[in-house]
Every structure is written in C-alpha cells, then in structure tokens.
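Here is what each chain is made of, one letter per residue.
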Amino acid sequence: AKMLHGKRQPYRAVDLARFMYDNSLSAKEALQKWRGEDEEEIEEDIEKEEDDTFFRRVGKEGDDDASEDRYIPKFDYEALARKWSTKDAIEALRTKFSTANLVDE
Amino acid sequence: MAEQKPEFLRFTGHRHFAQRLVLSTLSGRPVHISKIRSTSATHPGLAPHEISLLRLIEAVTNGSAIDVSYSGTTVVYQPGLITGTVAGAGASVGDIVEHSLPANCNRGVTYFLMPLALLAPFSKAHVNVRFSGPGVITAATHVTGDVSVDTFRTAVLPLYALFGIPPTRIELRVLARSCAGPGGRGGGGVVELRFASQVRLPKTLHVNRRPGRIRRIRGVAYCTGVSASHNNRMIHAARAVLNALVSDIHVAAQYDPSPLVATDKNAPGKKRKLGIGFGLSLVAESSAQGVLYAADEVAPPEGGVVPEDVGARCAYQLLELISQGGCVTSTASSTVLTLMAMGSEDVGRLRLGRNVVGRDETIALARDLKTFGASSWGVRDIDDDDTGDVIVSVKGTGVGNVGRKVA
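Residues numbered from 1 in each chain as written. Chains lettered and ligands numbered in written order. Predicted model: local features only at pLDDT ≥ 70, side-chain atom pairs only at ≥ 80, totals over all residues. Heavy atoms only, no water.

Under an unreviewed UniProt entry, chain B has the name RNA 3'-terminal phosphate cyclase/enolpyruvate transferase and belongs to Lasiosphaeria miniovina. Taken from UniProt, the Sequence similarities (unreviewed entry) comment for chain B reads in full: "Belongs to the RNA 3'-terminal cyclase family. Type 2 subfamily." Looking at the Subcellular location (unreviewed entry) heading of the UniProt record, one finds this comment for chain B: "Nucleus, Nucleolus". (UniProt positions renumbered as here; feature names shortened; annotations may be inferred.)

In structure tokens form, the structure reads like this:
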C-alpha cells in the first residue's frame, strides 16, 4: 500500500490544471511533473546546475532557443515504423476505425 | 481606449510569437516582447518570417504601431482595428492585399495563414490576401515543421464550420506550388486566401462526445519539379500501411513544374528553378462531425529520401496521431482553443487526447490566454471509457467583433 501511495498517479487531470497555471514552473517542467517522470532526476539536475559554472547554463538556454514553434510534432520515424508494423498495434487501433467488428464489443 | 496609457503585457522569448500577436490583436491589449533570441550568437533578434508576420498584421489592421528595437530582440506592438482588405488602405491590386515574403524565409506559408485565419473572422471587412514573392513555400517544411497548404485547407479550415463560420465562404487558392528551396529557404509559390465570412461571435463549441470512427482517408500527394511518378510511389507506400484498416482511401496526385524565380534584380531575365521536392498530406475523416486527423510529410530540401519512405512515414504519422485520440489533433488544437476562448460567454467543451494537452505549446497557450484576460481552463478526465482523453472546458471572453471596433 505504501508503494501505491508513495508515488502519485501520473496523468491526472486535476494535477494538470494545477501545474498549468503555476508560473514558477516552465511549461516543460509542468509536463514532466504531470507525467510523473522521475521527479528525483529533475531535482538532481537542479543541484548540478547550481554546482556548475556559468557556461552550462548558457548551453541549456541555447537548447531552448533552438526550438521553434512547430505545427507538425517531431517523430522518431524508425520507432514509429517498428511500432506500427506489428500486428498487435494495428489490431489495437482497429477499434477507432469503422472497419472494426462491432459485434465483439 | 479608456486609459491614456495602456498597460503593456510583457513576454520574453521568441516562442509562441505568432500566437501572442494574434491574442494581442484580438483582445486589443498591447504587448512588449523582449529577449527574442538574445542568447543566439549567430541570429539574434527577430527572424525574417517573424518580421514578415508583423508586416502582414500591419497590412490587415488599421492603427497598429510596431516598434522593433535596434538589435531586433525587443518588439513593442500596439494593436489596431482589424479592418481586413479595404480598397485604398493596403489593397493595391483590386480587392486583395498583396503580401510578399522574402527569399530567406524558411517557414511554410501556413505559418502566416494560421494566424491570419484566426484574425479574419473578427475583421470589419473581408480578408483577402495573396502571398507571393520568393519566399512562399506551399509544401510542408521539413526543418521548421509547418503543415502544407493542403492540410490547412482540408483539416483546419473545415473546423471553422463548428464555430458558425461556413467554410464555403472561405477560399484558399493555390495558384502556384512550391517546396522549400535549398537550405530550406525560399520557394516561389502563390497562395490566395479569401475569407469572406465575418461573424459577431464564434459559436460555443461542444465537441466532448466520442470522436467516432475513422470512415475514410483523403489526401493530396504533391510534387513540384520532379517526376510525376513520385506521387504514385508515395500513394502506393501509404496505402500499403493503411489498407489494413480502411478501405476507403483516395489520394489526389498533384504535379506541377517548379516555379521560376528571378535570382538577380539587376538581370530580370536570369531565373532559376526553385522549390523542387515532393510530399504527402493525409487526412483521416471520422464519422463524428468535425473530427479530422491530419498528417504531413515532405522530402527534406537536401534530398536523399525515396518517395516510398515519405509515403510510409506519413501513414505512420497518421496512425500515431489517431492513436493519440481526442477530437482535435495537435496541429489544429491551438486554432480551436483560441476561437473557443474568443467566443460568446459560455462554456465550451473540447475533448483532447492526453498527449495533445500535454504539449508545452498547449500549456503555453493556456498561460498566454490567461495573461490576456481570458479565464482559466477547466480540465477533467473522461470517466466513461478508458481512452485516457481529457475534456478541456474553455469559457469564452465574449469579445466578439464589436469590442474591437472601438479604437
């Protein structure tokens, strides 16, 4: 039980509403928190940043600078091709199509 | 304005630039954006496409004041009235505003069409703009991730119907096609947007039911300046992936010669071919009204990709987007959410996939809207099925069209 309660359940809409308008978090951090992606890791990162010198921080900002507004999200096409060439994935998606067998549902 | 000195809303960074300009114009609140690429050693300040967007907004409004700092890293924008195309003011040829994009522009023309289409319903007169010049890329762009005009026309413009803006009154003419030129810069296309449908208030949107089932897939394969057989090869590869799921697939093939663009102003006879390439745009239509999923893929400007790969990647991208669920994909979600926020003072609901909401663009839009005075979104889970979708409820601000006519 402790294991269950120790870690917050990710992807809860209530949390998102809270993180979304918390301006102390950047949009990326808010999402990471929402997804429940290892919070410990993020904290570690912050510590590291404090230890490190000025230069690394510039590099990090540069990373953010390089990203532009996109309408097409970025995909790793090799991973996508692997994912969608398996039969299970296609069958799992079939419920979203009109060719699905409605009798079984 | 009621106050003598309006208060500037302050933003930093170059991200979400177009979105902030649109919100500023719609809400009539001036903005001050600083630190635009101020850390970049090579290209500080505004990029060519951003300057161009500012000019475009200036052309369809009256009384806007734009002040760019010397280094280009700070912009002060005071919005004016959205007048649209008025003869004598901006409209040079007939009833149309001609907007020329510079040759070093690396964004697709949809980067300009999306904000323009958001402003157009609230305009005083019709908005007719023709994009021309050596920077118009009608295809999707590989580096900057803009969608193609085909996706814009078939997957974004129909969504305006949900807001009581009939798509029959919106016309997008692609007069000349072009892919991105060498280095991803420049094209030579000509695109005309005629937005003849102005509304007082967008209707409140309720798209919170099931997204339905995908009934059919439509699409456009385009190639400019390369062999027309590329179209069939792309379509064939995409069908190979999708045929297992849908039988009703129709993809139109569009072949054009590549546009000739003058390279040198002093020698008008000297022209070169620009914007050679090919790409595919696929749209999956659902049985529910207004639910569209669109995918876009294009060959990179440096080449080295076979059409089969482009076709298959586009199909895979479409499957991935469908599996993300929700009623609106990430491409169109900012348009829909902005129009919802500008609607009448009622709560509209929109069902979105978890990964569509969970993008930093969506979060940034929510924050920006709040900064501009719209109310916060309500977010809740869907309980009646296990898709993990989220319902976002947006309360309109009721600004409509009248608020902006007071200059």
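Caption draft 1: Quick peek at helix 5 (residues 229-242) of chain B. Its 14 residues give helix 5 of chain B an end-to-end C-alpha distance of 20 Å, which sits within 8% of 20 Å, the value for a rise of 1.5 Å per residue. Elements in contact with the buried residues of helix 5 of chain B: strand 14 (214-224), strand 15 (249-256), strand 18 (277-286) and helix 6 (307-324) of chain B. (Helix = DSSP H or I, 4+ residues; strand = E, 2+ residues; numbered from the N terminus. Expected span 1.5 Å × (residues − 1). Contact = heavy atoms within 4.5 Å.)

Caption draft 2: How the structure looks around the confidence of the model for chain A. Residues and elements named next belong to chain A. Of all residues in chain A, 53% have pLDDT values of 70 or greater, and the mean over the chain is 65. Element-level mean pLDDT values for chain A span from 43 in helix 5 (residues 54-66) up to 85 in helix 6 (residues 77-84). Low pLDDT, under 50, characterises residues 38-65; the predicted model gives this stretch 17 contacts beyond four residues in sequence or across chains. (pLDDT = per-residue confidence, 0-100.)

Caption draft 3: Structural detail: the packing of aromatic side chains. Residues and elements named next belong to chain B. For the structure on display, the rule yields five aromatic pairs over all chains. With a centroid separation of 5.8 Å and 75 degrees between ring planes, the pair formed by Tyr160 and Phe195 is classed as edge-to-face. Residue Tyr160 is found in the loop between helix 4 (149-156) and strand 11 (170-176), and its partner Phe195 is found in strand 12 (residues 190-195); the two are separated by 35 residues along the sequence. Residue Tyr160 is classed as buried on the basis of its relative accessible area of 1%. Through a chain of ring-to-ring contacts, the aromatic side chains of Tyr111, Phe112 and Phe131 assemble into a single cluster. (Phe/Tyr/Trp six-rings, centres within 6.5 Å; stacked < 30°, edge-to-face > 60°. Buried < 20%, exposed > 50% of the residue type's maximum accessible area, 1.4 Å probe, protein only.)

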